[in-house]
Amino acid sequence: MPPRSTGLAGADAQDDFLRARRRVALARLVRWLRRDPSDVDHILPFDEVVAALGRVQERDAGLQVVPLDAIVGTVDRLQGFDRRFRPTTPAVRRRWEGIAEAMRRGKAMPPVDLYKVGEAYFVKDGHHRVSVARALGHDDIEARVTEVVTKVGAGRDLLRGDLPLKSHERVFLERVPLPASARGRVRPSDPWAFAALAEGVEGWGWRWSQEHGELIDRRELARRWYEEEYVPVVTLLRDAGLLEGAATETDAYMNAAAERYKRQRGL
């Protein structure tokens, strides 16, 4: 809902800033009352996200109209905004109010510069314009977009606390390059379990090569393991009602694989 206008753009811009600052305080209170994760309102750092997801390449995606709700991060570490681009410090006030006044007067703004990673966008240039646009109730903003392709995808709901999981997932997919259709399904709840899962897949591949007298590359191994081992075992567990106690079906698979290994070894 756009803020009301008195017709005095300068005074309205000042009220806009104070209103945005009050929303920061209110958001912190709500987060505390709900016991939300501490990083739910933290702006995402571009470098850390790309490092966790694994940069593959980038390309110029041109001029686009981008939903403001999808802009959740920044390239600049020296910023004064939260995840929703509400101002978190009075230090940004002068420039913020100047842009708010100009927008209220109908002055055209240049496009902002954004990086796109998965479904999330990161501001390279234009933090104040994004912040003011959101405060004034705009739904989208014109932007020059550079798309960064990564090994692991990211949604706009990504949190900083999710990055360790994403990093472990990236390393797992480097060792076990699953088909794209399978990646969303093979997900242990504990990020540290990705390493154990990769070792299990590689062990399964070694045994398969011994039985068939044939060496296969990692991509073919990942496909065969998923189709010939993972899916059948998970299907059996589901039919037997043994998935209910596990956080994910991958957790259930790993538990079953561990028990099978113990029995084979007579442990």
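As a starting point, this report considers the structure included with it. Each chain has its residues counted from 1, running along the sequence as written. Note on the predicted model: pLDDT of at least 70 is required for a residue's local features to be given, and 80 or more for side-chain atom pairs to be given and counted; whole-chain, interface and lining totals, by contrast, use all residues. Values reported for side chains reflect all heavy atoms of the structure, with hydrogen atoms and water molecules removed beforehand.

1. Here's the deal with the overall build of the protein chain
Here's step 1: For helices the rule is a DSSP run of H or I covering at least 4 residues; for strands it is a run of E covering at least 2, with both sets numbered from the N terminus onward. Helix and strand content of the protein chain: nine helices and six strands.
Here's step 2: If one aligns the C-alpha atoms of the protein chain with their principal axes, the spans along those axes are about 80 × 40 × 30 Å.
Here's step 3: Using the Shrake-Rupley algorithm and a 1.4 Å probe, accessible areas are obtained, with residue cover drawn only from the displayed protein chains. Counting only carbon and sulfur atoms, one obtains 50% of the accessible surface of the protein chain, whose full area is about 15,200 Å².
Here's step 4: Charge counting treats Lys and Arg as positive and Asp and Glu as negative, with His and both chain ends excluded. By convention, charge coordinates are those of NZ in Lys, CZ in Arg, CG in Asp, or CD in Glu. Computed over 45 positive and 41 negative side-chain charges, the inter-centroid distance for the protein chain is 5 Å.

2. Remarks on the side chain of Glu 229
Here's step 1: Structurally, the position occupied by Glu 229 is in helix H8 (residues 218-239).
Here's step 2: Using a 1.4 Å probe on the protein chains alone, a residue whose accessible area is under 20% of its type maximum counts as buried, one over 50% counts as exposed, and one in between counts as partly exposed. Classification of Glu 229 by relative accessible area gives buried; the value is 7%.
Here's step 3: There is a polar contact of 2.8 Å between the side chain of Glu 229 and the side chain of Tyr 253.
Here's step 4: Any two residues whose heavy atoms approach within 4.5 Å are treated as being in contact. Beyond its immediate sequence surroundings of up to four residues, Glu 229 is in contact with Trp 204, Arg 224, Tyr 253 and Arg 260. Throughout this description, a polar contact denotes any pair of N or O atoms lying within 3.5 Å of each other; where both atoms belong to protein, one of them has to be capable of donating a hydrogen while the other can accept it, and for residues adjacent in sequence the pair is counted only when both atoms sit in side chains.

3. Looking at helix H7 (residues 193-212)
Here's step 1: Taking 1.5 Å per residue as the helical rise, H7 with its 20 residues ought to reach 28 Å, and the 29 Å between its terminal C-alpha atoms agrees with that figure.
Here's step 2: Directly beyond the C-terminal end of H7, a positive phi value near 60° is found at Gly 213. A helix is expected to reach a length of 1.5 Å times the quantity of its residues less one.

4. Describing the pattern of salt bridges
Here's step 1: Salt bridges, as used here, are contacts in which a Lys or Arg side-chain nitrogen is within 4 Å of a carboxyl oxygen on Asp or Glu. Inspection of the entire model under this criterion finds 23 salt bridges.
Here's step 2: The partner of Arg 55 in a salt bridge is Glu 58, and the shortest N-O contact between them spans 2.7 Å.
Here's step 3: Note on Glu 58: relative accessible area 43%, which makes it partly exposed.
Here's step 4: The partner of Glu 97 in a salt bridge is Arg 93, with the nearest N and O atoms 2.5 Å apart. Residue Glu 97 and its partner Arg 93 are both found in helix H3 (residues 93-104); the two are separated by four residues, about one turn of the helix.
Here's step 5: The network of salt bridges with shared partners includes Glu 220, Arg 223, Arg 224, Glu 227 and Glu 228.

5. Examining a nonpolar patch on the surface
Here's step 1: Together, Leu 26, Leu 29, Trp 32 and Leu 33 make up a nonpolar patch on the protein surface, roughly 490 Å² of accessible area in all.
Here's step 2: Of note, Leu 29 is situated in helix H1 (residues 9-34). Candidates for patches are residues over 30% relative accessible area with no salt bridge; among them, like charges are joined within 9 Å and nonpolar side chains (Val, Leu, Ile, Met, Phe, Trp, Tyr) within 5 Å.

6. Concerning the packing of aromatic side chains
Here's step 1: Here a Phe, Tyr or Trp ring, Trp counted by its six-membered ring, pairs with any other such ring whose centre lies within 6.5 Å, and the pair is stacked when the planes are under 30 degrees apart, edge-to-face when over 60, and tilted otherwise. For the structure shown, the criterion picks out nine aromatic pairs.
Here's step 2: Considering the side-chain rings of Trp 225 and Tyr 230, the 5.2 Å spacing of their centres and the 40° angle between planes classify their relative orientation as tilted.
Here's step 3: Since its relative accessible area comes to 0%, Trp 225 is described here as buried.
Here's step 4: We classify Tyr 230 as buried; its relative accessible area is 0%.
Here's step 5: When the centroid spacing of 5.8 Å and the interplanar angle of 20° are considered together, the rings of Tyr 226 and Tyr 230 count as stacked. Of this pair, Tyr 226 and Tyr 230 both sit in helix H8, four residues apart, roughly one helical turn.
Here's step 6: Through a chain of ring-to-ring contacts, the aromatic side chains of Trp 225, Tyr 226, Tyr 230 and Tyr 253 assemble into a single cluster.

Spatial relationships are all this shows, so hold off on functional conclusions.
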